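What follows is each chain in one-letter form.
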Amino acid sequence: MIRPRVALFPGSFDPFTNGHLDLARRAAVLFDRVVIAVAHNSAKTSLFTPEERVEMIEDAVRGVKGASAIHFSGLLVDCARRIGAQAIIRGLRAVSDFEFEFQMALMNRRLAPGLEIAFLMPSQEFTYLNSTLVKEVARHGGRIRGLVPPLVERRLQERFRETAKRADLPAPAARPRRRAASGARRASGGARRAGGGAPEARTR
Ligand code: PNS
């Protein structure tokens, strides 16, 4: 019997963006199963719980054949072993991603020599997109349509409305709708480590 080709696509996904979705779709063309794995990271303060993130990812990838979502704690290579993955998928958007990814890939290879690490490039329109920027824009009531899947958009707006209410701040105002092209292209700036000052740690 032919062994199914399984890829593990790990990340913080706080939250899952359309850039992540683009990568999941690309991976699904190459592998029979793509398991999107949300890492528990106690060192980072996250906006969404791992369970919330899994729910949003499952919703976003409903139409992507072979894709599913889980959350995990501990080492990535152990998670890969548990689910029978032969490869880890990571996205490379810009040169700035490379150094960290290279270190991580070599460490993972040392820990699990049989596991391949495959880098995929997202569509150009998502090159400047990352979870931190999306949260920043949403926190201030900016338009995030086109940057994240619809459920993520709703959950971000709800979360920041709740936060504003608790802090007795004016809720982020919904900006008037524009007819311009995809918001993704407008959310420029900031590759992996750009931006900052957010209460949550930066995420890709
Ligand atoms: O989206 P991110 O934050 O860039 O993802 C980083 C992630 C979750 C892939 C990485 O931190 C990870 O693999 N964490 C699990 C713990 C682990 O195995 N660490 C060693 C990596 S060499």
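Being a predicted model, the structure only gives us computed values, none of them experimental.

A. Representation of the overall build of the chain within the structure. Counting its regular elements, the chain contains seven helices and five strands. N-terminal to C-terminal, the α/β element order of the chain is β-α-β-α-β-α-β-α-β-α-α-α. The long-range fraction of contacts in the chain, counting pairs at least 24 apart against all pairs at least 6 apart in sequence, stands at 77%. With the model as given, the accessible surface of the chain reaches about 11300 Å², and the carbon-plus-sulfur share is 55%.

B. Expanded view of the pairing of strand S1 (residues 6–11). Across the six residues of S1, six count as buried, placing the element largely inside the fold. Across six bridges, S1 lies against strand S2 (residues 33–39) in parallel orientation. Across the sheet, residue Val6 finds its bridge partner in S2, namely Arg33. What joins S1 to S2 is helix H1 (residues 18–30), and the crossover it makes is right-handed. In this structure, S1 lies alongside strand S4 (residues 87–91), joined through two bridges in parallel fashion. Residue pairing across strands places Leu8 opposite Ile88, the latter belonging to S4.

C. Structural detail: helix H4 (residues 95–111). Over its 17 residues, H4 extends 25 Å from the first C-alpha to the last, a length consistent with the 24 Å expected when each residue adds 1.5 Å. Of all the bends in H4, the largest measures some 30 degrees and sits at Glu101. When we look at burial in H4, the residues that qualify are Asp97, Glu101, Ala105 and Asn108. Against helix H3 (76–83), S4 and strand S5 (116–120) lie the buried residues of H4.

D. A look at the sheet that holds strand S3 (residues 67–72). Strand order in the open sheet formed by five strands is S3-S2-S1-S4-S5, and the pairing between neighbours is parallel. A strand with exactly one partner marks an edge of an open sheet, and here the two such strands are S3 and S5. Strand after strand, the sheet turns through a mean of 30 degrees between neighbouring axes, direction not considered. Here S4 pairs with S5 via five bridges, running parallel. Looking at S5, one finds that Gly91 is bridged to Leu120. The strands that helix H2 (residues 50–60) touches are S2 and S3; relative to S3, the one it contacts most, it runs at about 175 degrees. Its contacts with the sheet put H4 on S4 and S5, and the angle it makes with S5 is roughly 160 degrees.

What counts, and at which threshold
- Residues numbered from 1 in each chain as written.
- Predicted model: local features only at pLDDT ≥ 70, side-chain atom pairs only at ≥ 80, totals over all residues.
- Heavy atoms only, no water.
- Helix = DSSP H or I, 4+ residues; strand = E, 2+ residues; numbered from the N terminus.
- Contact = heavy atoms within 4.5 Å.
- Areas by Shrake-Rupley, 256 points an atom, 1.4 Å probe, with all protein chains shown as cover.
- Buried < 20%, exposed > 50% of the residue type's maximum accessible area, 1.4 Å probe, protein only.
- Pairing = 2+ DSSP bridges.
- Right-handed = clockwise from strand over helix to strand, strands pointing away.
- Expected span 1.5 Å × (residues − 1).
- Bend = angle between axes of the 7 residues up to and from the residue.
- Axes fitted to C-alpha atoms, helices over the stretch in contact; angles between N-to-C directions.

Note that all results are geometric; they support no functional claim without further evidence.
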